[in-house]
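# A closer look at the structure
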Amino acid sequence: MEDIVLVGFGGHGKSVADAIESGHKYKIYGYTDLQDNHNEYRYIGTDDVLEELFSKGITRAFLCVGYLGKGKLRENLDGKLRALGFTFPIIIDPTAVISKKAKIGDGTFVGKNAVVNSEAIIGKQCIINTGAIVEHECKIDDFTHVAVGAVLCGQVVVGKAALIGANATVIQCREVKDREIIPAGVVVR
């Protein structure tokens, strides 16, 4: 098993860690954050230790900073980590259903019971959260978060760093602009 470092560790980090452990492909070396969150994983320090970790041979990282209000932070961390040389695996919970004809970018997380259907294209560093549905031929740009239980019907196009709120539905063939926030429970017709 290859070591992986988790960058940031709040609630979203717990979901990512659970999926990593269920997948048995990576071993969590530890996590960085502003402070020790006193959980079962080893606290390594702040992001200042990442360069040293990379030089020790830990070359895989995963962003565990959730989206809410932190889209720009996720983009900045991605740039910093890539500049250091880190690579980002795709983490898919074993309970998710992913079409073999879907494309998913590096650093993307697909949570429990999520569905990504045929010919969907998902960019890098996205979060497709628990129970979310991304239907056929949807296109989701980088850094976007499709929250818990959200539904993107067929051929929806979602811009960069957007947020589709929990239980929101975007009807087929609609477009969500870059950084747009669709509130929880809303139906976009």
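Higher on the page you've got the structure.
For the structure given in this document, a descriptive report is provided here. (Residues numbered from 1 in each chain as written. Predicted model: local features only at pLDDT ≥ 70, side-chain atom pairs only at ≥ 80, totals over all residues. Heavy atoms only, no water.)

## Here's the deal with unusual backbone geometry
The backbone of Gln125 shows a phi angle near 55 degrees, a positive value even though the residue is not glycine. Tracing the backbone shows Gln125 in the loop between strand E10 (121–122) and strand E11 (127–128). With a relative accessible area of 0%, Gln125 lands in the buried category. Positive phi, close to 60 degrees, is recorded for Gln155, a residue that is not glycine. (Helix = DSSP H or I, 4+ residues; strand = E, 2+ residues; numbered from the N terminus. Buried < 20%, exposed > 50% of the residue type's maximum accessible area, 1.4 Å probe, protein only.)

## A closer look at the pattern of salt bridges
For the coordinates displayed, the defined rule picks out ten salt bridges. Between Lys56 and Glu52 there is a salt bridge, with the nearest N and O atoms lying 3.3 Å from each other. Accessibility expressed as a relative area gives 56% for Lys56, which makes it exposed. With a relative accessible area of 45%, Glu52 lands in the partly exposed category. The salt bridge involving Lys124 is made with Asp78; its shortest N-O contact spans 3.6 Å. Taken together, the positions of Lys124 in the loop between E10 and E11 and Asp78 in helix H3 (residues 71–84) put the pair 46 residues apart, joining distant regions of the chain. One connected set of salt bridges, linked through shared partners, spans Asp78, Arg82, Asp106 and Lys124. (Salt bridge = Lys/Arg side-chain N within 4 Å of Asp/Glu carboxyl O.)

## Here's the deal with the side chain of Arg74
With respect to the element layout, Arg74 can be found in helix H3. Of the side chains with opposite charge, Asp78 lies nearest to the buried Arg74, which makes no salt bridge, at 7.9 Å. Among the polar contacts made by the side chain of Arg74, one reaches the main-chain carbonyl oxygen of Gln125 at a distance of 2.8 Å. If we skip the residues at most four places from it in the chain, Arg74 touches Leu63, Val65, Gly66, Tyr67, Gln125, Cys126, Ile127 and Phe143. (Lys, Arg positive; Asp, Glu negative; His and termini not counted. Polar contact = N/O pair within 3.5 Å; in protein donor to acceptor, adjacent residues only side chain to side chain. Contact = heavy atoms within 4.5 Å.)

## Comments concerning the environment of Phe62
Inspection of the secondary structure assignment puts Phe62 in strand E4 (residues 61–63). Given the relative accessible area of 0%, Phe62 is considered buried. For the pair Phe62 and Gly105, spaced 43 residues apart in the sequence, the C-alpha separation amounts to 13 Å. Not counting residues within four places of it along the chain, the set of residues in contact with Phe62 comprises Ile4, Val5, Leu6, Val7, Val16, Phe88, Pro89, Ile91, Gly107, Thr108 and Phe109.

## Overview of the pairing of strand E1 (residues 2–7)
In this structure, E1 lies alongside strand E2 (residues 26–32), joined through six bridges in parallel fashion. Bridge pairing links Leu6 to Tyr31 in E2. In this view, the connection linking E1 to its parallel neighbour E2 by way of helix H1 (residues 11–23) has right-handed handedness. Bridge count for E1 against E4 is three bridges, and the pairing is parallel. In the sheet register, Val5 faces E4, and the bridge partner there is Ala61. (Pairing = 2+ DSSP bridges. Right-handed = clockwise from strand over helix to strand, strands pointing away.)

## Some details on the sheet that holds strand E6 (residues 97–98)
Strand order across the open sheet formed by six strands is E6-E9-E12-E15-E18-E21, with parallel pairing between neighbours. The open sheet has two free edges, formed respectively by E6 and strand E21 (187–188), since each of these has just one partner strand. Sheet topology places strand E12 (residues 133–134) next to strand E15 (residues 151–152); two bridges connect them, and they run parallel. For Ile133, the partnering residue across the bridge sits in E15 and is Val151.

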